[in-house]
Amino acid sequence: MDKEFDYEVPPGLPGVTVGSVVRVGLNGRKVDGWVVALGVHGTPGFGSVAADRLTPVLSVAEHGVDPVVTEMSEWVARRWCGPRRNVLRSATPVRKRSRATHEAHGPMVPAEDQVAAAARGLIDAGGGLLMVPPLASALSAVTAAAASGTVLVVCPTLRMARLGAAYLRRRGCTTAELPDDIDAAVAGRDVVVGSRSAVLAPCQGLGAIVVVDEHEESLHEERVPTWWAAEVAIERGRRAGVPVILTSAVPSARSEMMLGRATTVPEWGWPAVTVVDLSEVPVGGSLLTSEAIATVRASGGRSLLVLNTKGTGRLMACRRCRAVLTCPECGLTVAVKDGMTTCAQCNSSTAAVCGECGGASLLNVRPGVSRLAADLASATGANVAEVTAGTDDIDGTADAWVGTDAVLHRVRDASCVVFLDVDRDLAAPRSSATRELLASFARAARIVGREGSITVQTRQPNHPLLAALAGGNLRAWLDDDVSLRKRLGLPPFSETAVITTDAVLDESTVPTLAGSDWALADGTLTVRAADASTLADFVDSLRARVQGRVRVAVNPPRI
């Protein structure tokens, strides 16, 4: 139930404030709720129910939601078109009763490196985006920010939060790890660190907010409303009057658009990147090239070979010259249907012919992960394991792993990472495809470290992204990509929602609203609007028309 009710705060019940979690009676049951406003009966907003009909609050928990976050939850619910109740639930500590906290220790020793220096400059400017190379530590920015008060640190995963907290303690910072150390966070520490929901957590003496790896998909809430932790952090910082720093090796276009101020750490900080041209390899041939096999043999340690086979987009190549079909307008790899190419990014359509030689004879390229694992074991004599999203256990005795992008999340260290065919990743029918691939490159860089290497196999060796990565000029590609998105009106320069419902949708059901357009396919409605307000109005109008549950995913990470 996502509604507001009036209750009486009985005399003598202490601690009831905005954000408190209270126990109340509702329809014959005792349930928990959140206090979203306090006032005197009879004043505006508090006189809709007669005083003698108000039932009292039964009890109040010791830990609730921060008052600033409670007020902000209404904005989050509206911004991402979902129930406010779910936002408050995410913000509520798992443990609502307090425990004794250990004494805080210090003093803190701030890091003195390029990252810390850049972070101090952003803090003085009121916050901004910090582009930190994958082989440098973004936690140096945290020690720099801790000089102004408690720093709330949001990480993509709990494991990263734990490792970050351990590093910060070694630098003398007092830390509170969420969700377990909620009492320490309320009492006050130098750093409060946690995963996605930590951005909504109580934090005593908040002085700055740092979001690490803001580009990671795990910072997007999966439940409705599908809020993005980085944008919520920016709003919380604005309301609290504290600087917000977003760090990333490969910043998202939305963060660059929202913050405006971006600082790049001068150091390159990437391992060696080699691009292998597959144009001389037969289109139907094996992706285990001589370069890939030599890299695995010479690695002297673990090797990861990545091949993504998911997705509905078909990778098409010319039979004559082996060139991959790409969109002449924006450069995205295109799908082919009924003799025509279709671009998922700019919606342009052309005849299915090769742009290099004009040939019309095309081949669909799609080898399999299992076969490649067997071929690699045969070619190298190594112990090779296959990894997919459904793999539960990683074989620690393996010399090499072949699998989907999931292998970059399961294996923590390796000597080399080989992307067997990035063309199929670039061919994904999403405008976010290149950004997703770039995030995978950053993940691979951290796995191999400074002494390792990344090998990228492609039939598009001159693709701007690959050329920028190999040439050490990634900042220029990011700027060009943002300019392209702005010119085409793509996210983040428009707002997108993917809507599903248990009701039957048709053209008569979907509203027509100025500043928005939509497409309906297989029962899924995709809406693009000029701004967040127009999108929210569209969703409100649709919900008023539809009889049934409506699930809205606003600005999903893969679109």
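Structural data are supplied above this passage.
It should be emphasised that the depicted structure is a prediction, and the values quoted were computed from it without experimental measurement.

### Topic: the pattern of salt bridges
In a structure, side chains of opposite charge can pair up when their charged atoms sit close to one another. Across all of its chains, the model carries 28 salt bridges by this definition. Arg-79 is paired through a salt bridge with Glu-495; the nearest N and O atoms lie 3.0 Å apart. Within this pair, whereas Arg-79 is found in helix H1 (residues 67-79), its partner Glu-495 is found in strand S22 (residues 495-501), the two being separated by 416 residues in sequence. Here Asp-405 makes a salt bridge to Arg-443, at a shortest N to O gap of 3.3 Å. Taken together, the residues Asp-405 in the loop between strand S19 (400-403) and helix H11 (407-410) and Arg-443 in helix H13 (residues 433-448) connect sequence positions 38 residues apart. A residue is classified by how much of its surface remains accessible, and Asp-405, at 12% relative accessible area, is buried. Taken together, the salt bridges that share partners define one network made up of Arg-79, Glu-231, Arg-254 and Glu-495.

### Concerning the pairing of strand S24 (residues 524-529)
Side-chain positions along a regular strand alternate between the two faces of the sheet. By the alternation rule, side chains of S24 split into Leu-525, Val-527 and Ala-529, which are all buried, and Thr-524, Thr-526 and Arg-528, of which none is buried. The pairing of strand S23 (residues 516-521) with S24 spans 6 bridges and is classified as antiparallel. Residue Asp-517 lies in a different strand from S24, and its bridge partner there is Arg-528.

### Section: the packing of H1 against helix H7 (residues 229-240)
Where H1 contacts H7, the two axes come as close as 11 Å, and the packing angle between them is 135°. It follows from the interaxial angle that H1 and H7 lie oblique. In the packing of H1 onto H7, the handedness of the crossing is right-handed. Seen from H1, the contacting residues are Val-68, Val-69, Glu-71, Met-72, Trp-75, Val-76 and Arg-79; seen from H7, they are Glu-231, Val-232, Glu-235, Arg-236 and Arg-239. Split into classes, the residues belonging to the contact of H1 with H7 amount to 6 nonpolar, no polar and 6 charged.

What counts as what
Residues numbered from 1 in each chain as written. Predicted model: local features only at pLDDT ≥ 70, side-chain atom pairs only at ≥ 80, totals over all residues. Heavy atoms only, no water. Salt bridge = Lys/Arg side-chain N within 4 Å of Asp/Glu carboxyl O. Helix = DSSP H or I, 4+ residues; strand = E, 2+ residues; numbered from the N terminus. Buried < 20%, exposed > 50% of the residue type's maximum accessible area, 1.4 Å probe, protein only. Pairing = 2+ DSSP bridges. Axes fitted to C-alpha atoms, helices over the stretch in contact; angles between N-to-C directions. Parallel < 35°, antiparallel > 145°, perpendicular 65-115°, else oblique. Left-handed = near helix turned anticlockwise from the far one by under 90°. Contact = heavy atoms within 4.5 Å. Nonpolar A, V, L, I, M, F, W, Y, C, P; charged D, E, K, R; others polar.

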